[in-house]
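# Chain and residue survey
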Amino acid sequence: MRARLAFYRSRLVNGWRRTRGSIARRGLAGTFRRALKEFARAKVPTVAVAGLPEDDGEVFAVPTSATPRVSIVIPVYNKIVYTVACLRSLAEHAGATSFETIVVDDCSTDDTQRRLEDVDGVRAIRNAQNLGFVGSCNAGAAAARGEFVLFLNNDTVVTPGWLDTLVAVFAEEPDAGLVGAKLVYPDGRLQESGGIVFNDGSGWNYGRFDDPADPRYNFRREADYCSGAAIVLRRELFERLGGFDQRYAPAYYEDTDLAFAVRKAGLKVFVEPRATVIHFEGVTAGTDTAGTGMKRFQTINHAKFLEKWKDELSRQPAPIDDAAKAPRAATFRAGKRILIVDACTPTPDQDSGSLRMVNLMRLMRALGWQVTFFAENRLYLDRYTPALQALGVEALYAPYLTDAVRLFRQRGDEFDAILLSRHYIAINYLGLARLYAPRATLIFDTVDLHYLREQRAAKLENSADLLRRAETTRAQELKLIRECDVTLVVSPVERDLLARELPQARVEILSNVHEVFGCRRPFGERKDIVFVGSFMHPPNEDAVLWFGRDVFPAIRAALPGVRFHVIGQPPPEGVLALAADDFVVHGFVEDLEPFMDGCRVSVAPLRYGAGVKGKVNMAMSYGLPVVATPSAVEGMHIAEGSDVLVATDAAAFAADVVRLYGDEALWNTLSANGLANVERHFSFDAAKRALARIVR
């Protein structure tokens, strides 16, 4: 109870401080508008449901291709009503991925053969004798023409985006061998989000009968197996493995066996929960394992599977009888586990702090860590939360996570590390982490030293109030640094400052992380000037106002017709007031590449701040030369004049922009050297080496 009271007291105090700071920067109306925008974006995923299939007997068509990327193989035995419902769903939810549909009729005795003749776009194969599920799937795969073969039960109904999402995994996970969908019962309950296999050969449908929207079941992860009701793999791999093993004929355990064979071939098995398939389980084979029907082969084939894979099974987890232990068993292949807590769900296309956080998670996954994340505001953000889940991050959100104390109490001992981001967030969870996760390495990620930025803002504005606020922030940040095991900063400048403030603290540099895209358009094909930065970050507003009022008039006079593009949201009223034909305020831009590839100069006119500036890194990663202030390139290992042009006052800044805009040789030098700087200090390879050392 004491920990819970302390947690809520801390959240209340720090929440008020953040609100007060927002009101000071944006005003009451601006703060209210921002809160409304944030909550308006919040949405929890819906649950797929389906009624009992009906067949109206109408003729319809399923899209098909002469050169399919995917061959969908549907084995059927009677139950034509379900087969028709499955085929209709394929027609209704066909996406961008080309496919063919092969229905293998295993000697059905109902109206299957005749009814399939009414469905255009389907290749129907009728077995000469009953081959069972295993034989029918192999026969369908032998007739396939696609790069991928996808096995789909006839008692399923697919949902929007299912096929595109499944196939995308192979591009996003180079070592993916087999990918399965999330299966949902027609009443909306979860059937499975991948399966767990224990060392006795038994299995567990992960999440069975639970809520399919629960975040525990909605992130891409390695699975021991995925139900053969909806799985896809490359046809070449399926053929190389010999197809489904005939020892499991007529059915059961063939999908689990295939998953183990895929892993033995050096590849991985993934469940992709964004691909949802509704499954009328048991329609064809029933559910009685003790009777005389098909389901009895589940028990018979368990013994065969146990014998074949006994060595591999010895490395699987022991059986469990408590559902609370299932999440750990479901992710047992992860070497270690980390919990990350930040203010909001990262929006990497909107601010550099979010981009750094997402890339940090990507690197943790690449190092073999299972990542669990939640935001202080607990919001599910459409696009952004699913993007984290597609990276393999367990992203927790309301209403499934409301009480952080309960989360720490129930799961604290499973984490090897806990990373708390930003001082005003970290201070809320420091005590909980120490109490309920005593073995975890506690990491404080400053993002940038907030007190340093606030001190500089106070000096620039000559404000005693800002200086007092900076001192409060300084006390809080130094407390966190003293009490955490590791502190992350983004620049050597901040590391050296903390070495003087707290010489006993372990402080490590983990800077911005960027993909290196390279220069894709030459000097002569470019025009205009660009600034990129979120206006939720006060230094960016000050920078654009200063540039617009004090710098751009001289550029406008020297380079008539050249436009200045301002990208970032939400544009403040002062910035909007400067808008003109040559001062273009875009707000949020979904795709920055046209500006990074098409503009000639990027500017970073920051008069104060701290940390490393993502806007500078990003421009250089595209080979786009930058003119910046000293504050904007602090701690970036910059060689002034050859990596970036650096100017200290408005006149010099304008002169440097004009010079760079017209000097192709200088432009080419800065472009090449900027790219080399990012590759050396801010690339994924550089960050991965640093992170491996930090979390060793």
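Residues numbered from 1 in each chain as written. Predicted model: local features only at pLDDT ≥ 70, side-chain atom pairs only at ≥ 80, totals over all residues. Heavy atoms only, no water.

Averaged over all residues, the pLDDT of the protein equals 90, while 91% of them reach at least 70. Segment residues 22-26 is flagged for pLDDT under 50; beyond a separation of four residues in sequence, or across chains, it makes nine contacts in the model. Under a pLDDT of 50 for its full length, residues 28-41 has, in the predicted model, 19 contacts with residues more than four places off or in other chains. (pLDDT = per-residue confidence, 0-100. Contact = heavy atoms within 4.5 Å.)

This paragraph deals with the packing of helix α21 (residues 614-621) against helix α23 (residues 664-681). For the pair α21 and α23, interaxial distance at closest approach is 8 Å and the crossing angle is 115 degrees. Both α21 and α23 take part in a crossing whose hand is left-handed. For the pair α21 and α23, contact is made by N617, M620 and S621 and by G674, L675, N677 and V678, respectively. Taken together, the residues of the contact of α21 with α23 break down into three nonpolar, four polar and no charged. (Axes fitted to C-alpha atoms, helices over the stretch in contact; angles between N-to-C directions. Helix = DSSP H or I, 4+ residues; strand = E, 2+ residues; numbered from the N terminus. Left-handed = near helix turned anticlockwise from the far one by under 90°. Nonpolar A, V, L, I, M, F, W, Y, C, P; charged D, E, K, R; others polar.)

Either a parallel or an antiparallel arrangement is found when strands of a sheet pair, and the pairing is made through backbone hydrogen bonds. Read from one edge to the other, the open sheet built from six strands follows the order β24-β23-β22-β25-β26-β27, with strand pairing classed as parallel. On the outer flanks of this sheet lie β24 (583-587) and β27 (645-646), each paired with one strand and no other. (Pairing = 2+ DSSP bridges.)

Now for the sheet that holds strand β21 (residues 507-509). Strand order in the open sheet formed by seven strands is β17-β16-β15-β18-β19-β20-β21, with parallel pairing between adjacent strands. Strand pairing shows two members of the sheet lacking a second neighbour, β17 (393-396) and β21, which therefore form its edges. Between one strand and the next, the sheet's axes are offset by a mean angle of 25 degrees, whatever the strand orientation. Where strand β15 (residues 336-342) lies against strand β16 (residues 369-375), seven bridges are found, and the strand directions are parallel. Bridge assignment links K336 to a residue of β16, and that residue is W369. Lying on the sheet, helix α11 (residues 352-366) is in contact with β15, β16, β17, β18 (417-421), β19 (441-445) and β20 (486-489); it crosses β16 at an angle near 155 degrees. Sitting on the sheet, helix α24 (residues 684-694) touches β20 and β21, and the angle it makes with β21 is about 160 degrees.

Looking now at the packing of helix α22 (residues 650-662) against α23. For the pair α22 and α23, interaxial distance at closest approach is 5 Å and the crossing angle is 100 degrees. It follows from the interaxial angle that α22 and α23 lie roughly perpendicular. Where α22 approaches α23, its residues R659, L660 and G662 are matched on the opposing element by E664, L666, W667 and L670. Here the contact of α22 with α23 is composed, by residue class, of four nonpolar, one polar and two charged. (Parallel < 35°, antiparallel > 145°, perpendicular 65-115°, else oblique.)

Enumeration according to the criterion identifies 26 aromatic pairs in this entry. Aromatic pair F238 and F244: ring centres 5.4 Å apart, planes at 75 degrees, arrangement edge-to-face. Of the residues examined, F244 reaches a relative accessible area of 2% and is grouped as buried. Measuring from ring centre to ring centre gives 5.8 Å for F523 and W667, while their planes differ by 70 degrees; the resulting arrangement is edge-to-face. In this pair, F523 is assigned in the loop between β21 and β22 (529-532) and W667 in helix α23, connecting sequence segments 144 residues apart. According to the relative accessible area criterion, F523 is buried, its value standing at 8%. One residue, R600, lies across the ring of F523, its end atom 4.0 Å from the ring centre. Just above the ring of Y661 sits the side chain of R600; from NZ or CZ to the centre is 4.6 Å. (Phe/Tyr/Trp six-rings, centres within 6.5 Å; stacked < 30°, edge-to-face > 60°. Buried < 20%, exposed > 50% of the residue type's maximum accessible area, 1.4 Å probe, protein only. Lys NZ or Arg CZ within 6 Å of the ring centre and 35° of its normal.)

With that settled, the discussion passes to the pattern of salt bridges. Across all of its chains, the model carries 47 salt bridges by this definition. The partner of K268 in a salt bridge is D175, with the nearest N and O atoms 3.1 Å apart. Here D175 lies in the loop between α5 (162-172) and β8 (176-184) and K268 lies in strand β14 (residues 268-279), a separation of 93 residues in the sequence. Exposure remark for D175: the relative accessible area of 25% places this residue in the partly exposed category. Residue E272 is joined to R220 by a salt bridge in which the shortest nitrogen-to-oxygen separation is 2.6 Å. With a gap of 52 residues between them, E272 in strand β14 and R220 in the loop between β11 (203-205) and β12 (221-222) connect regions that are remote in the sequence. Like E272, the residue R220 is buried in the burial classification. One connected set of salt bridges, linked through shared partners, spans E172, E173, R220, E272 and R274. (Salt bridge = Lys/Arg side-chain N within 4 Å of Asp/Glu carboxyl O.)

This paragraph deals with helix α4 (residues 132-142). Since the α-helix turns once every 3.6 residues, residues separated by three or four places project in the same direction. Burial of α4 is extensive: nine of the 11 residues sit out of reach of the surface. Along α4, the residues that are buried comprise G132, F133, V134, G135, S136, C137, N138, G140 and A141. Looking at the buried positions of α4, the neighbouring elements they touch are β2 (70-76), β3 (99-105), β6 (148-152), α6 (235-240) and α7 (254-264).

Tracing the backbone through its elements, the reader meets D382 in the loop between β16 and α12 (384-390). Assessed through its relative accessible area of 39%, D382 is described here as partly exposed. Through-space distance from the C-alpha of D382 to that of D656 is 42 Å; in sequence the pair is 274 residues apart.

P399 follows A398 through a cis peptide bond whose omega is 5 degrees. Mapped onto the elements of the fold, P399 is located in the loop between β17 and α13 (404-411). Omega for the bond connecting Q569 with P570 falls within 30 degrees of zero, at -15 degrees, which places this linkage in the cis form. Of note in this structure, C107 is not a glycine but carries a positive phi near 65 degrees. Relative to the elements of secondary structure, C107 occurs in the loop between β3 and α3 (112-116). In this structure, D528 takes a positive phi of about 80 degrees despite not being glycine. In this fold, D528 is placed in the loop between β21 and β22.

Our focus in this paragraph is the environment of W667. Overall, the relative accessible area of 1% leaves W667 in the buried class. Residues contacting W667, with those up to four places away along its chain left out, are C519, R521, P522, F523, R526, R600, G623, P625 and L660. Separated by 2.7 Å, the side chain of W667 and the backbone oxygen of R600 make a polar contact. (Polar contact = N/O pair within 3.5 Å; in protein donor to acceptor, adjacent residues only side chain to side chain.)

So, on to α23. With 18 residues, α23 extends 26 Å from end C-alpha to end C-alpha; this agrees with the ideal 26 Å at 1.5 Å per step. Buried residues in α23 make contact with α21, β27 and α22. Structurally, the start of α23 carries an N-cap: the backbone nitrogen of A665 is 3.2 Å from a side-chain oxygen of D663. (Expected span 1.5 Å × (residues − 1).)

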